[in-house]
Each structure stands twice: as C-alpha cells, then as structure tokens.
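Residue-level structural notes
Here's the letter readout for the chains.
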Amino acid sequence: MTGPRTVRTVLGDIGPAALGLVDAHDHLFLRSPALPLPLDDEEAALGTLRTFRDLGGGALAQWTPFAMGRHSDRLVAASRATGVHVIAATGLHQEVHYAPELLRELRRGDTLAELFTAELTEGTVVGDDPGGARSGPRAGMIKVAGMFHALDDHTRWVMAAAAQAHHATGAPIGIHHEMGTAAVDVLGLLHGELGVPASSLLLGHLNRFPDPGVHRELAAAGAYLAFDGPSRAHSATDPWLVESLVALAAAGHTAQLLLGADTTAPGAGPGAAYLLRTLRPRLIRELGLAAAEAIFAANPARALSAPWPR
C-alpha cells in the first residue's frame, strides 16, 4: 500500500491536516462487566464533544473496541451534530471484558482477523454479534491490550489477528498497557515478531508507568507514546505526566508524543476539555508553541493516518 495517507473517520476519509487539535485516546461510549459504570449517555457524549470543540478541538479518537458498547452508529450522529471528527476502533480488549461464548466463536479459524479487517474496510458491527450486519461506519484503527507486566495467550491471539488486519489495511494499532506495563514486550511481539512497523503502534497509558528509561527505549524504536491522563483511575501518576513529556522532548522525541483524556466512566475525570484548557497551555510554557502544536496536531495526524486500500 503506497497511496496517500488519510484518516478514516466515522464520516469518511479525510486528509490528516484536517483533524486540527486532537484528543488521541478517549472514550465517548464504553461498557464492560469488568468496569463499575458504563459510558452510555448520548447527551453526555455530545456535551463532551461540544465543549472540546469550543476550546478549539477538532478530532477525538475513541479507542473502544468491538463488543464493549462502542455505539459506532451514535458516533456518526455525534460527529455530524458537533463538527468534531471522530475515529472509531475495531479490535478486542482483555479476556475479562467478554463472555466466554463470544470468545469461543471468535476463535474459530481466522474469524478475529477477518472481523477486524472487515470493520476497517466495510463497516462496523452495531452490537456484539460478530456475524451481524456491518451497518456502522468503518473503523479507523485497531485497539488491543496487554496484561500487567505480561502477555497471556489471549493477548497473543488478539495481537496476531491485529497484525494480520494491519498488514491487510495499514491501520494504526492502539495498545492498552495495564498500568502502563509490558510495553517493551508488546513492541517485541507486534513489531519484532509480527512485523508491524513501530510507526503504526500507539503505545497507551505510559503515564501510568513513568520509567524514563523504558520511555526512551520505546521512542528509540520509532513507536508513538500516548500519555492519556488524567482520570481518577490513574491520578497517582498525573504529577509525572508533564515531566515525562518534557524529558522525552529533551531526548529528541517530540514528534512521537500523543495526549488523550481516556475517560472510562461517568465523572471519572476532567475529560477531553482538560487537555486544551489546562495541559496545552502548560506544555506551551514548558516546551514552546511549536512542540505543543506537534503533540496536539501534527503527531496524531500522522499516527492516526494510513494508506488505506481502495
């Protein structure tokens, strides 16, 4: 695939520069038996996007994968109503988030890789039936997840399917790292063993494991590093968020840094607006306007784009 790179939003493909300021990792809708409260309020989602837009925000990447209440059909209406570009995800999270019977169905042959690829190229399933009609918009990225300091069999299976779908489409892959751990292992599997270019990997939750040496190692490989706080779920690491970004910028890795709000439950944090209201001015003071604009605009524009097959 050597065509022009575009970003696949829920309203269609657009040029990367059209995204504007980006919340590179968030959730408008999210549901799981492993999470205390669902994000399932359409008016609240619209309010989030409107506030983000009014602060200058242009795009939001929803990393909610298949069968976790992503409501891809609602994303279309929300994007149209607010003018904010929204990127939907296919993919699969940790085993704990799914019913055993659904996972058994997905383990048949290449079902999982075929589902990911179809959702990226044809349309997303609205609901939790992998055989359902793909009446939702096309996904623009793949979401997968590691485990705490480890990769289990489920993780390896899902990441192998994600790599297949990437090789078929060029889609970027966003990774949930449990408490920010096992990122080196994930990079070794997806990039080292499965051949996904490091530049197609968005390594999430690194603010939860503020180890400067690990951060530099990941950046040196060419991956994008996503710092996706604050929220109540990981507030203990927020004091190191800006410090980590400043250290990576000083080491020459400004062009690989991403920021997202990663809202996972109602009232769980200040949300997407905080990125532009509070963090962006702080980064302008610490790093300068050009670096802040790279983190909020140029970097996510590259990270979330792909040479999609026609």
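Check the entry above for the structure.
Before going into details, it helps to say that this report is about the structure given with it. Model, not experiment: these values are computed from the prediction.

Here we look at a negative patch on the surface
Negative charge collects at one region of the surface, where Asp41, Glu42, Glu43 and Asp73 lie side by side. Relative to the helices and strands, Glu43 is located in helix α1 (residues 42–54). A relative accessible area of 54% means that Glu43 is categorised as exposed.

Structural notes on the packing of helix α9 (residues 272–287) against helix α10 (residues 289–303)
Relative orientation of the contacting elements α9 and α10 amounts to 140 degrees, with a least axis distance of 7 Å. In this view, α9 runs oblique relative to α10, as classed from their interaxial angle. Viewed along their axes, α9 and α10 form a crossing whose handedness is right-handed. Facing α9, whose interface residues are Leu275, Leu276, Arg280, Leu283, Ile284 and Leu287, α10 presents Leu289, Ala291, Ala292, Glu293, Ile295 and Phe296. For the contact of α9 with α10, the class distribution of residues is 10 nonpolar, no polar and two charged.

Looking at the pattern of salt bridges
Under the definition given, this model contains 10 salt bridges. Its salt-bridge partner being Arg31, residue Asp128 comes within 3.3 Å of it at the nearest N-O pair. Of this pair, Asp128 sits in the loop between α4 (111–121) and β7 (141–145) while Arg31 is found in the loop between β3 (21–26) and α1, placing the two residues 97 residues apart along the sequence. Notably, a salt bridge pairs Glu293 with Arg280, separated by 2.6 Å at the nearest N-O pair. Of this pair, Glu293 sits in helix α10 while Arg280 sits in helix α9, and the two are 13 residues apart along the sequence.

Looking at the packing of α1 against helix α2 (residues 72–82)
The contact between α1 and α2 brings their axes to 10 Å, and the two run at 40 degrees. As the angle between them shows, α1 and α2 are arranged oblique. Pair α1 / α2 crosses with right-handed handedness. Mapping the contact onto sequence places Glu42, Leu46, Leu49, Arg50 and Arg53 in α1 and Arg74, Ala78, Ala81 and Thr82 in α2. In terms of residue class, the contact of α1 with α2 is made up of four nonpolar, one polar and four charged.

Overview of the packing of aromatic side chains
For the structure shown, the criterion picks out zero aromatic pairs. Of note, Arg107 hangs over the ring of Trp157, and the distance from its end group to the ring centre comes to 4.0 Å.

A closer look at the side chain of Asn299
Residue placement: Asn299 occurs in helix α10. Given a relative accessible area of 1%, Asn299 falls into the buried group. Once you skip the residues sitting within four places of it in the chain, Asn299 turns out to touch Tyr224, Thr254, Ala255, Gln256, Leu257, Leu258 and Ala294.

Scoring rules and cut-offs
Residues numbered from 1 in each chain as written. Predicted model: local features only at pLDDT ≥ 70, side-chain atom pairs only at ≥ 80, totals over all residues. Heavy atoms only, no water. Patch = residues over 30% accessible without salt bridge, like charges linked within 9 Å, V, L, I, M, F, W, Y side chains within 5 Å. Areas by Shrake-Rupley, 256 points an atom, 1.4 Å probe, with all protein chains shown as cover. Salt bridge = Lys/Arg side-chain N within 4 Å of Asp/Glu carboxyl O. Lys, Arg positive; Asp, Glu negative; His and termini not counted. Charge placed at Lys NZ, Arg CZ, Asp CG, Glu CD. Helix = DSSP H or I, 4+ residues; strand = E, 2+ residues; numbered from the N terminus. Buried < 20%, exposed > 50% of the residue type's maximum accessible area, 1.4 Å probe, protein only. Axes fitted to C-alpha atoms, helices over the stretch in contact; angles between N-to-C directions. Parallel < 35°, antiparallel > 145°, perpendicular 65-115°, else oblique. Left-handed = near helix turned anticlockwise from the far one by under 90°. Contact = heavy atoms within 4.5 Å. Nonpolar A, V, L, I, M, F, W, Y, C, P; charged D, E, K, R; others polar. Phe/Tyr/Trp six-rings, centres within 6.5 Å; stacked < 30°, edge-to-face > 60°. Lys NZ or Arg CZ within 6 Å of the ring centre and 35° of its normal.

Any functional reading would require information beyond the geometric quantities listed.
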